[in-house]
Amino acid sequence: MKMVVLMKQTFDTEEKIVVKQGNIVEDGVKFVINPYDEYAVEEAVKLRDEFGGSVTLVSLGPSRAAEALRTALAMGADEAVLISDDRIPDDEYAVSKVLYTYLSKENPDLILGGNFSVDRGSGQVAIRLANMLSIPHTASITKLTINGTTAEVHRDAEGDLEILTLPLPALFTAQQGLNEPRYPSLPGIMKAKKKPFKTYTLEDLDLTEDEVKPATKQTELTLPPERSAGQILIGEPAEAVSELVSLLRTKSKVI
Amino acid sequence: MSRTIFIYAESREGKLRQVAKETLGAAQLIAKEGDTICAFVAGSQITEAISAILPYGADHVVTMEHADLVHYNPDAYFAAIKAALDQMKPDIVLFGHTAIGRDLAPQVAAYLQAGQISDVTAIDHEEGETIFTRPLYAGKAFEKRVFESTPAVVTIRPNNIKPAELSENAAPSSVVDIAYPAPSLRTVIKDVVSKATGKVDLTEAKVVISGGRGVKSEDGFKPLEELADLLGGAVGASRGACDAGYCDYSLQIGQTGKVVTPEIYIACGISGAIQHLAGMSQSKVIIAINKDPEAPIFKVADYGIVGDLFEVVPLLTEEFRKVLV
């Protein structure tokens, strides 16, 4: 089974966001595999171990994203592709076009990705790709079972559980609960260094800058207004609770 | 030039969702004089949902009813909305940023070769341009974004944009039913286990009661559920509570998980890790209940009670019951 995992390197979720001159500061920030993509990598590696085949990681991002790909190779993926080109704008329309151009020549049986990225959080790219590739998809899956050329998946839909079947090739995005991602082992890390790693630019994909013009553009970046600590209600629990409800009515006016 | 703004008026189990009115409200915010707003209602047994949208000021209502649309199936719903889009040829398409909107909007954006701005929390106009505000890093930062091309696709976060208002003279000029195109479905829904039936959806809830490690067990959520039921709210959780197996990951609030913006957020036994704060710090009023007076959650809470949630929460339920009667 030929599998492709869509991967993104993101800020560690423990990082604070600092904005300087309209940009997010990246100095000294710890970067990780987007947590949802980690489930996708784990699932692909498990399926490869069960059914054979290969797991190719594909990431679009700056050169530092190579670290995340190396980590995922150390988790057991077979090869990595980094599409890195400053001319590709931060816009999902453009990004999915670039990834589509690469994927349309690959014909994988299975494409896995994260439910969304914890940085931009738009959750568009994977589903756009399924549509562009004319393959079925299920987003936000918590269980995946392959039976021959059919997949059965569990999907988390706002708390309800949906059980769906669909034919391969198909695309799935991973939700928490799908699996428990492994830590890269030392032998895994050593092996990862020898695995195929390709880096592509727009030219390598036969795309021009004009073809990846963004459809949307950021005009401003700000931090949310800081919340200041409020009022601690002291006293016996019963008194504190009674004061709280009264404040919610009179001061905050939310009930 | 006048434009057509198309909204997906989401319904669930035949009932119009609150987010549908907010989506229509967003369309009204975007609309300039001469623009036409078209609302699309699709599903199985949607008579009630259709009547519910009629008095809110859409110019046209397009409907599609079919048994294939009883549950959300990406293939069926995409074929359905495609038929409506092909007929209406909109310039802007709007969805709620819900499970359905998150899935359907990118398919539509790909089909229309359009840009999409997701999870929008505010819409403004500056010098004739429509500006969309959306969170980054689950609300640790915010960006303003504009479209560089048409058509445009937008999803709006529930609970943030003012819903359309009832208007007596606002009956739509047309209500048109479009035939379901009956595609061959690749995806088959075998079963839907309705764990959330009758409950308020977390992302839409006006009141969210969340539990952390402090709830100690699955049963520890019971007092939280009682309070949520009383206030017509929903129960959420921190990652700690999910990881400990006290509840399902579908309840998780935070940077990995759901982002909520209710009017009242009550954090019970949650210490307040930065990832969790990202998911809830845009709530209007935050209340923290925690035994540890040093817990970081108190730094963002409007009101804090230092105490055992198992003592405080039932007292709070009792107190609310008194004032709400």
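Residues numbered from 1 in each chain as written. Chains lettered and ligands numbered in written order. Predicted model: local features only at pLDDT ≥ 70, side-chain atom pairs only at ≥ 80, totals over all residues. Heavy atoms only, no water.

- Chain B is annotated in an unreviewed UniProt entry as Electron transfer flavoprotein subunit alpha/FixB family protein from Paenibacillus polygoni.
- In the Sequence similarities (unreviewed entry) part of its UniProt record, chain B is described as follows: "Belongs to the ETF alpha-subunit/FixB family." (UniProt positions renumbered as here; feature names shortened; annotations may be inferred.)

- Named according to an unreviewed UniProt entry, chain A is Electron transfer flavoprotein subunit beta originating from Paenibacillus polygoni.
- What the UniProt record of chain A gives under Subunit (unreviewed entry) is the line "Heterodimer of an alpha and a beta subunit."
- Reading the Sequence similarities (unreviewed entry) entry of the UniProt record for chain A gives the comment "Belongs to the ETF beta-subunit/FixA family."

1. Some remarks on the overall build of chain A
Step number 1: In terms of helices and strands, chain A carries 6 helices and 15 strands.
Step number 2: Scored against the burial criterion, the 255 residues of chain A give a buried share of 56%.
Step number 3: Taking as baseline every contact in chain A between residues at least 6 positions apart, the subset at least 24 positions apart corresponds to 68%.
Step number 4: Summing over all exposed atoms, chain A offers an accessible surface of approximately 11200 Å²; the carbon and sulfur share of this is 50%. (Helix = DSSP H or I, 4+ residues; strand = E, 2+ residues; numbered from the N terminus. Buried < 20%, exposed > 50% of the residue type's maximum accessible area, 1.4 Å probe, protein only. Contact = heavy atoms within 4.5 Å. Areas by Shrake-Rupley, 256 points an atom, 1.4 Å probe, with all protein chains shown as cover.)

2. Examining helix α1 (residues 35-51) of chain A
Residue and element names in this part refer to chain A.
Step number 1: Spanning 17 residues, α1 covers 25 Å between terminal C-alpha atoms, matching the ideal 24 Å at 1.5 Å per step.
Step number 2: Of all 17 residues making up α1, 12 are buried, and the element is well covered by its neighbours.
Step number 3: Among the residues of α1, those classed as buried are Pro35, Tyr36, Asp37, Tyr39, Ala40, Val41, Glu42, Glu43, Ala44, Val45, Leu47 and Arg48.
Step number 4: In the segment just after α1, glycine 52 is the residue with positive phi, at about 80°. (Expected span 1.5 Å × (residues − 1).)

3. A look at a negative patch on the surface
Step number 1: On the surface, a cluster of negative charge is made up of Glu236, Glu239 and Glu243 of chain A together with Glu311 of chain B.
Step number 2: When you line up the elements, glutamate 243 of chain A lands in helix α6 (residues 237-250). (Patch = residues over 30% accessible without salt bridge, like charges linked within 9 Å, V, L, I, M, F, W, Y side chains within 5 Å. Salt bridge = Lys/Arg side-chain N within 4 Å of Asp/Glu carboxyl O. Lys, Arg positive; Asp, Glu negative; His and termini not counted. Charge placed at Lys NZ, Arg CZ, Asp CG, Glu CD.)

4. Description of the sheet that holds strand β8 (residues 122-126) of chain B
Step number 1: Spatially, β14(A)-β10(B)-β9(B)-β8(B) is the arrangement adopted by the 4 strands of the open sheet, whose pairing is antiparallel. Single-partner strands in this sheet number two, and they are β14 (216-222) of chain A together with β8 of chain B. Each strand axis lies, on average, 30° off the axis of its neighbour in the sheet, ignoring direction.
Step number 2: In this sheet, strand β10 (residues 141-147) of chain B lies alongside β14 of chain A in antiparallel orientation, the contact comprising 6 bridges. Following the sheet pairing, glutamine 218 of chain A is matched in β10 of chain B by arginine 145 of chain B.
Step number 3: Its contacts with the sheet put helix α1 (residues 18-30) of chain B on β8 and β9 (129-136) of chain B, and the angle it makes with β8 of chain B is roughly 5°. (Pairing = 2+ DSSP bridges. Axes fitted to C-alpha atoms, helices over the stretch in contact; angles between N-to-C directions.)

5. A few points about a nonpolar patch on the surface
Step number 1: Residues Leu186, Ile189 and Met190 of chain A make up a contiguous nonpolar surface patch of about 300 Å² in total accessible area.
Step number 2: Inspection of the secondary structure assignment puts leucine 186 of chain A in helix α5 (residues 186-192).

6. Some remarks on the interface of chain A and chain B
Step number 1: Contacts between chain A and chain B engage 79 residues on the former and 86 residues on the latter.
Step number 2: Around 7100 Å² of area is buried between chain A and chain B when both sides are counted, 55% of it from carbon and sulfur atoms.
Step number 3: Run the count over chain A and chain B and you get 8 salt bridges.
Step number 4: Between arginine 17 of chain B and glutamate 158 of chain A there is a salt bridge whose closest N-O contact spans 3.0 Å. (Buried area = accessible area lost by both parts, 1.4 Å probe.)

7. Some thoughts on the side chain of threonine 165 of chain A
Step number 1: On the secondary structure map, threonine 165 of chain A appears in strand β11 (residues 160-167).
Step number 2: By relative accessible area, threonine 165 of chain A is classed as buried at 17%.

8. Focus on the confidence of the model for chain B
Step number 1: Looking at chain B, pLDDT values average 95 and 99% of them are 70 or higher.
Step number 2: Both scores are available for the predicted complex, with the pTM at 0.95 and the ipTM at 0.96. (pLDDT = per-residue confidence, 0-100.)

9. Some thoughts on the side chain of serine 210 of chain B
Step number 1: Among the structural elements, serine 210 of chain B can be located in strand β14 (residues 207-211).
Step number 2: What serine 210 of chain B contacts, discounting residues up to four positions off in sequence, is Leu224, Gly236, Ala237, Ile253, Tyr265, Ile266, Ala267, Cys268 and Ile270 of chain B.

10. Structural notes on the environment of alanine 110 of chain B
Step number 1: Among the secondary structure elements, alanine 110 of chain B is positioned in helix α4 (residues 99-112).
Step number 2: On the basis of relative accessibility, which here comes to 10%, the residue alanine 110 of chain B falls in the buried class.
Step number 3: Counting along the chain gives 43 residues from alanine 110 of chain B to valine 153 of chain B, while the straight-line C-alpha distance between them is 9.8 Å.
Step number 4: With residues up to four places along the chain from it excluded, the contact list for alanine 110 of chain B reads Arg128, Asn131 and Met132 of chain A.

11. Considerations on the UniProt feature "domain: Electron transfer flavoprotein alpha/beta-subunit N-terminal" (unreviewed entry) in chain B
Step number 1: UniProt's feature table lists "domain: Electron transfer flavoprotein alpha/beta-subunit N-terminal" (unreviewed entry) at residues 5-191 of chain B, given in the numbering used throughout.
Step number 2: Secondary structure across residues 5-191 of chain B divides into 26% helix and 35% strand, with the first and last C-alpha atoms of the span separated by 35 Å.

12. Concerning unusual backbone geometry
Step number 1: A cis amide bond, omega 0°, links leucine 168 of chain A with the succeeding residue proline 169 of chain A.
Step number 2: Here proline 169 of chain A lies in the loop between β11 and β12 (170-174).
Step number 3: Omega for the bond connecting threonine 150 of chain B with proline 151 of chain B falls within 30 degrees of zero, at -5°, which places this linkage in the cis form.
Step number 4: Counting through the fold element by element, proline 151 of chain B comes out in the loop between β10 and β11 (152-156).
Step number 5: Backbone geometry places serine 134 of chain A, a non-glycine residue, at a positive phi of 55°.
Step number 6: Note that serine 134 of chain A resides in the loop between α4 (125-132) and β9 (137-147).
Step number 7: Here glutamate 13 of chain B, not a glycine, exhibits a phi torsion of approximately 50°, which is positive.
Step number 8: Counting through the fold element by element, glutamate 13 of chain B comes out in the loop between β2 (11-12) and β3 (15-16).

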